[in-house]
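The lines below spell out each chain.
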Amino acid sequence: MKFQVDGRTVFASTGTGRHRADKPAAVFIHGAGMDHSVWVMPARYFARTGLNVLAADLPGHGRSAGPAMDSVRELADWVVRAMDAAGLETAAVAGHSMGALIAFAVASLHPGRCRALALLGVSAPMPVTGALLNAAEENDHAAIDMANTWSHSPAARLGANENPGMWMMGTGQRLLETAGPGVFHADLSACNGFDPDEFDGPVSCPSLLILGDADQMTPARAGLRVQQRLDRARTVQLPGCGHSMLSEQPNAVLDALISIFV
Amino acid sequence: MSKHKSPRTTGFDTLALHAGQAPDPVTRARATPIYQSASFVFPDSDFAAGLFNIERAGHVYSRLSNPTNAVLEERIAALDGGVGAIATASGQAAMHLAVATICSAGDHIVASRSLYGGTHNLLEYTLPRFGIETTFVDPRDADAYAAAVRPETKLLFGEILGNPGLEVLNVPLISAVAHNARVPLLVDATFATPYLCRPIALGADLVLHSATKFLSGHGVVIGGLLVDGGTFDWARGDFPTINETYSGFHNLVFGEEFGPQAFITRARKEGIRDFGACMAPMTAFQVLQGLETLPIRMARHVANTERVVEFLAAHPLVESVSHPSLPEHPDHELSKEILPRGSGAVFGFTVRGGRPAGRTLIESLRIFSHLANVGDAKSLVIHPASTTHHRMDAQALAAAGIGEGLIRLSIGLEDPDDLIDDLRGALRRVEKTVRP
């Protein structure tokens, strides 16, 4: 669906579900250079099973108007305004990678809006290597190559996707190529500039960390440190899974999300 | 040149062996198992519902997907640089699946006029019965492609190497025409395989292969593959099957939900589901066996072809040889750009003496097999004027670019000296009996 936030057009997938005011909600936030389509399977599951789903393209991504934002705090506030525009008072909030930082910030800054939290592929802080940042700043394809390669586990770089006939490396590359000039750099800057100490509000809702033990971008050990910031958190570690967990292990990710959202 | 360094990615030859497959998690089988099963057990009712509603990844029924086929699909997508692929019952089925996923009655295609006969039949005679028309143009004429586009045009199409003239499709140029018209470019890359050309990297959006040919490589299966590059922005054009709600799937809008996988998901969820032209798992296994040696075989196919082309081009009984490796071929320079590893192993040559000479030559060959196929490990030959196009008179053959003495060869993996000896002996027989 399309709606307006700050006078600009926003696209969000509802998982082909119809909004109903009496249903609880789930909000999904994509990572750097991605769009809502990474959430297609969870979005469709939770829509079918009775939640109002909002998987929005962040500003400047996918089908949402820009410009992209380069601060996690700004993005978290934007997500809350998007929830307002979509008529969602509270929601279970899931985020992947940069989206996980945004989800964490939503829970910390706006605790009344977040009834449950799922952080996928997360570390706090989330430093980005200079080589990647510099290449992204110049919109050089090397940035896409770096991010796409490092985001997949060594095994996933050879495929064997659970989703029949889909080549994960190709899809990851295409998504990053779809992002307009400057968008990926803004996202990476947001990740790199994230300071967890700025978000010291208590996060007391039920929380789940979903971590891949072959994640090169946000190593699981860094993700586990995030758990210390959450009052009621538990962790699911996915064996052999890299950072692109929504494509590498979609069924295990959905099982984990069901365990916290339902 | 970029000052930023990309990390090294898995090489083509490694992908040909490994992409899409890990050792079987239960049996530890190294080779891809043949999952000869019509259907797959659901762990529970909710998972079953999830599979049907595209919430879960997995297999339901082998018409829709199969674990052996999925390895092949992923592997060809990796080799072609796409986002996904579908294995089909034949190359023709892959072509039909591509068209049927995009076009409906009233739509229009612009296609090269130098096509495989089966594809030409589909576009010229069969699809018009379903309201889909095609305009055929010279594949070397980008302006003709552009001029033929109509408001209802949904697709541009060509073969990477045309049939029978081996016109090299200028993919960057024709894809620019397509994208300017806000339609995708579909390329049949059967003669090249991804070893010789990866059309998606050159600008094509969709690629199809007859896997019967070089991909499987041994002339033992019929199969096709359709690859989605994930590059085309469907939202920019008028594509109801991608951009509008589909009541056949609970009002799903594929373009909105699936991002770069929109086309291939629609093709699987509608085209394979409803038309049903799926590949058998045993066939997928055999194509995978072929793919494992594709780089080695294609290099040998090309090397042998260049030897044979060189021999024929110098022979006094040979009127002409049409292969882009020859400087006199109109696309010689373009072929270096589009097909830098070689221009394939299928080509035509014209023997002096017309139809009788062609017939005599073919009947005199001992190693080349006289049959209707290409891309086998064994060398093949056919005389179009007396077989595939035998109903045509000299004038009609000329219009189709087929001389009465034209012989089509598909060069295999034999010792090239034996192939040259075979051809030399057959040409000697032509000289003695036909006396051209």
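Refer to the structure printed above.
Residues numbered from 1 in each chain as written. Chains lettered and ligands numbered in written order. Predicted model: local features only at pLDDT ≥ 70, side-chain atom pairs only at ≥ 80, totals over all residues. Heavy atoms only, no water.

## Here we look at the overall build of chain A
Note the threshold: Working definition: helices are DSSP H or I runs of at least four residues, strands are E runs of at least two. Numbering for both runs from the N terminus. Both definitions apply: the radius of gyration is a C-alpha atom measure, and the globule rule equals 2.2 Å times residues to the power 0.38. Here the term buried applies to any residue with accessible area under 20% of the maximum for its type, exposed to any over 50%, and partly exposed to those in between, with areas from a 1.4 Å probe on protein chains only. Whether two residues are in contact is decided by their heavy atoms: any pair within 4.5 Å suffices. For accessible areas, the Shrake-Rupley method is used with a probe of radius 1.4 Å. Any residue's cover is judged against the shown protein chains and nothing else. Asp and Glu count as negative and Lys and Arg as positive, but His and the ends of the chain are not part of the count. Charged side chains are reduced to one point each, which is NZ for Lys, CZ for Arg, CG for Asp and CD for Glu.
Helices and strands together make up the secondary structure of chain A, namely 10 helices and 8 strands. Expected size for 262 residues packed as a compact globule is a radius of gyration near 18 Å; at 17 Å, chain A falls within 12% of this value. Principal-axis analysis of the C-alpha atoms places the extent of chain A at approximately 45 × 40 × 40 Å. Taken across its 262 residues, chain A has 62% of its residues classed as buried. Taking the intrachain contacts of chain A between residues at least 6 apart in sequence as the baseline, contacts between residues at least 24 apart amount to 75%. Of the roughly 9,000 Å² of accessible surface on chain A, 50% is carried by carbon and sulfur atoms. Taking the average place of the 19 positive charges on the side chains of chain A and the average place of its 25 negative ones, the gap between the two points comes to 10 Å.

## Brief notes about the overall build of chain B
Assigned secondary structure in chain B consists of 18 helices and 12 strands. Relative to the compact-globule value of 22 Å for 436 residues, chain B shows a C-alpha radius of gyration of 22 Å, a close match. Seen through its C-alpha atoms, chain B measures out along the principal axes to roughly 75 × 55 × 50 Å. The proportion of buried residues among the 436 residues of chain B is 57%. Of the contacts formed within chain B by residues at least 6 apart in sequence, a portion of 72% connects residues at least 24 apart. Total accessible area on chain B stands at roughly 17,100 Å², and carbon and sulfur atoms take up 52% of it. Positive and negative charge centroids in chain B, built from 38 and 46 side chains respectively, lie 5 Å apart.

## So, helix H14 (residues 294-313) of chain B
Using the following cut-off: Each helix should span, by expectation, one fewer than its residue count multiplied by 1.5 Å.
Look at H14(B): 28 Å from first C-alpha to last across 20 residues, which is about the 28 Å you get at 1.5 Å a residue. Residues of H14(B) that are buried: B:Leu294, B:Pro295, B:Arg297, B:Met298, B:His301, B:Val302, B:Asn304, B:Thr305, B:Val308, B:Val309, B:Phe311 and B:Leu312.

## Considerations on the packing of helix H4 (residues 130-137) of chain A against helix H5 (residues 141-150) of chain A
Residues and elements named next belong to chain A. Definition in use: Only the contacting stretch of a helix is used when fitting its axis, a line to C-alpha atoms as for every element, and angles between N-to-C directions run 0 to 180 degrees. With respect to orientation, any angle under 35 degrees is reported as roughly parallel, any angle over 145 as roughly antiparallel, any angle of 65 to 115 as roughly perpendicular, and every other angle as oblique. Note that Gly is not counted as nonpolar here; it falls among the polar residues with everything else outside the nonpolar set of Ala, Val, Leu, Ile, Met, Phe, Trp, Tyr, Cys and Pro and the charged set of Asp, Glu, Lys and Arg.
Two elements in contact, H4 and H5, have axes separated by 7 Å at closest approach and are oriented at 140°. In this view, H4 runs oblique relative to H5, as classed from their interaxial angle. On H5, the residues that touch Ala-131, Leu-132, Ala-135 and Ala-136 of H4 are Ala-142, Ala-143, Met-146, Ala-147 and Trp-150. Grouping the amino acids of the contact of H4 with H5 by side-chain chemistry returns 9 nonpolar, no polar and no charged.

## Quick look at the sheet that holds strand E7 (residues 224-228) of chain B
Pairing between the strands of a sheet comes from backbone hydrogen bonds, and it takes one of two forms, parallel or antiparallel. All names here are of chain B. How we decide: Strands are labelled as partners when DSSP assigns at least two bridges between them.
Pairing within the open sheet is mixed, and its 7 strands lie in the order E1-E7-E6-E5-E4-E2-E3. One side of each edge strand has no neighbouring strand; the edge strands of this open sheet are strand E1 (84-88) and strand E3 (133-137). Taking each pair of neighbouring strands and ignoring which way they run, the sheet shows an average axis angle of 20°. Summarising the sheet, strand E6 (residues 206-210) and E7 pair through 5 bridges and their orientation is antiparallel. Paired with Val-207 across the two strands is Val-227, which belongs to E7. Running over the sheet, helix H3 (residues 67-80) touches E1, E6 and E7 and is turned about 130° from E1. Sheet strands in contact with helix H5 (residues 117-126) are strand E2 (108-112), E3 and strand E4 (153-159), and its direction is about 125° off that of E3.

## Brief notes about the packing of aromatic side chains
For clarity, the threshold we go by: Aromatic pairing here means that ring centres of Phe, Tyr or Trp (its six-membered ring) are within 6.5 Å. Orientation follows from the plane angle: under 30 degrees is stacked, over 60 is edge-to-face, and everything else is tilted. Only when the NZ atom of a Lys or the CZ atom of an Arg is both within 6 Å of the ring centre and within 35 degrees of the ring normal do we say a charge sits over the ring.
With the rule as written, the count across this model stands at 16 aromatic pairs over all chains. On the basis of an interplanar angle of 90° and a centroid distance of 5.1 Å, the ring pair of A:Tyr45 and A:Phe46 is categorised as edge-to-face. For the pair A:Tyr45 and A:Phe46, one class covers both residues: buried. For the ring pair B:Phe232 and B:Trp234, a centre distance of 4.7 Å and an interplane angle of 75° mean the geometry is edge-to-face. Note on B:Phe232: relative accessible area 10%, which makes it buried. Joined through ring pairs, the aromatic side chains of A:Phe28, A:Trp39, A:Tyr45, A:Phe46 and A:Phe261 make up one cluster. The residue whose ring lies beneath B:Lys213 is B:Tyr116, and the NZ or CZ to ring-centre distance is 5.9 Å. Residue placement shows B:Arg266 over the ring face of B:Tyr246; its charged tip is 3.9 Å from the ring centre.

## Let's talk about the state of the cysteines
Our working rule: We call a pair of cysteine sulfur atoms a disulfide when they lie within 2.5 Å.
Using the criterion set out here, one finds 0 disulfides over all chains in the structure. Residue A:Cys114 stays outside any disulfide, its sulfur separated by 4.0 Å from that of A:Cys205, the closest cysteine.

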